[in-house]
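A structural walkthrough
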Amino acid sequence: MTTATERRDGESWTLLQTMLEEQFTLHTHRLTELTVSARLPRRGGYDDRTLEASAAAARQGIADTAHALRRMSEGTYGRCEECSRPIPLGRLRAQPHARYCTPCHRSR
Ligand SMILES: [Zn+2]
């Protein structure tokens with residue numbers, strides 16, 4: 001059995017890793033910014049609901065990208081977590097943290 005890394009074109013893989021690292025950094029900065037705003041007078045102009053929803057989205061983004069980067073280092077990235085089939089490269093390019101192939105994602 002070949003690993004996901006061997007199976008894929010190395011250049012695309014490097015690009016996906018870069019995208020994931022950039023997204024991880026972006027979500028982390030966003031969460032920091034929101035945490036700071038929450039402590040400001042009038043919450044930095046955010047209403048409570050927007051602030052909470054944005055913070056939740058940033059936390060989810062951090063969790064998703066960290067999970068994908070871990071799978072990349074373990075060599076399981078790019079395989080569906082449900083059926084173990086390879087996730088098409090186009091889907092990974094659109095959503096680098098995708099954990100499931102399209103049929104499994106739809107049935108969840
Ligand atoms: Zn699947």
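Our subject in this report is the structure included herewith.

The rules behind each value
- Residues numbered from 1 in each chain as written.
- Predicted model: local features only at pLDDT ≥ 70, side-chain atom pairs only at ≥ 80, totals over all residues.
- Heavy atoms only, no water.
- Donors = N, O, S within 2.8 Å, 3.2 Å for Na, K, Ca; no water.
- Tetrahedral: all angles 85-135°; square planar, octahedral: opposite > 155°, others 65-115°.
- Helix = DSSP H or I, 4+ residues; strand = E, 2+ residues; numbered from the N terminus.
- Buried < 20%, exposed > 50% of the residue type's maximum accessible area, 1.4 Å probe, protein only.
- Salt bridge = Lys/Arg side-chain N within 4 Å of Asp/Glu carboxyl O.
- Contact = heavy atoms within 4.5 Å.
- Phe/Tyr/Trp six-rings, centres within 6.5 Å; stacked < 30°, edge-to-face > 60°.
- Axes fitted to C-alpha atoms, helices over the stretch in contact; angles between N-to-C directions.
- Parallel < 35°, antiparallel > 145°, perpendicular 65-115°, else oblique.
- Left-handed = near helix turned anticlockwise from the far one by under 90°.
- Nonpolar A, V, L, I, M, F, W, Y, C, P; charged D, E, K, R; others polar.
- 1 Å grid on protein atoms, 1.4 Å probe; cavity = no way out; pocket = protein on both sides within 12 Å on 5 of 7 lines; lining within 4 Å.
- Points joined across faces, edges and corners; volume = space filled by probe spheres on them.

On to the coordination of the zinc ion. Reference values for angles at a metal are 109.5 degrees in the four-donor tetrahedral case and 90 or 180 degrees in the six-donor octahedral case. Protein-derived ligands of the zinc ion are Cys-80 (SG), Cys-83 (SG), Cys-101 (SG) and Cys-104 (SG), with the metal-ligand distances lying across 2.3 Å. Relative to the metal, the 4 donor atoms surrounding the zinc ion lie at angles of 103 to 117°, and the coordination shape comes out tetrahedral. When the donor residues of the zinc ion are listed from N- to C-terminus, their spacing reads C-x2-C-x17-C-x2-C. Of this pair, Cys-80 sits in the loop between α3 (48–74) and α4 (89–94) while Cys-101 sits in the loop between α4 and α5 (102–107), placing them 21 residues apart in sequence. The class for Cys-80 is buried, based on a relative accessible area of 3%.

Let's shift gears to the pattern of salt bridges. Inspection of every chain in the model, using the stated rule, returns 7 salt bridges. Arg-43 serves as the salt-bridge partner of Asp-48, at 2.9 Å between the closest nitrogen and oxygen. Residue Arg-43 is classed as partly exposed on the basis of its relative accessible area of 33%. Linking Arg-71 and Glu-81 is a salt bridge whose minimum nitrogen-to-oxygen distance equals 3.1 Å. With a gap of 10 residues between them, Arg-71 in helix α3 and Glu-81 in the loop between α3 and α4 connect regions that are remote in the sequence. Given a relative accessible area of 8%, Arg-71 falls into the buried group. Judged by its relative accessible area of 31%, Glu-81 falls in the partly exposed class.

Our next topic: the environment of Gln-23. Its place among the elements puts Gln-23 in helix α2 (residues 10–39). Since its relative accessible area comes to 25%, Gln-23 is described here as partly exposed. Apart from the residues lying within four places of it in its own chain, the contact partners of Gln-23 are Thr-65, Pro-96 and His-97.

What follows covers the packing of aromatic side chains. Applying the stated criterion across every chain yields a total of 1 aromatic pair. A centroid spacing of 5.1 Å and a plane angle of 70° characterise the contact between Trp-13 and Tyr-77, whose relative ring orientation is edge-to-face. One end of the pair, Trp-13, is in helix α2; the other, Tyr-77, is in the loop between α3 and α4, with 64 residues separating them in the sequence. Neither Trp-13 nor Tyr-77 differs from the other in exposure class; each is buried.

Following both chains from N to C, one finds α2 and α3 inclined at 150°, their axes separated by 8 Å at the closest point. Classified by the angle their axes make, α2 and α3 are roughly antiparallel. Regarding α2 and α3, the two cross each other, and that crossing is left-handed. Residue classes in the contact of α2 with α3 are distributed as 15 nonpolar, 8 polar and 3 charged.

With that settled, the discussion passes to empty space enclosed by the protein. Evaluated as defined, the whole model comprises 1 cavity of 30 Å³ or more. If you add up the space inside the largest cavity, you get close to 30 Å³. What lines the largest cavity is simply His-67, Ala-68, Arg-71, Tyr-77, Gly-78, Glu-81, His-97, Ala-98 and Arg-99.

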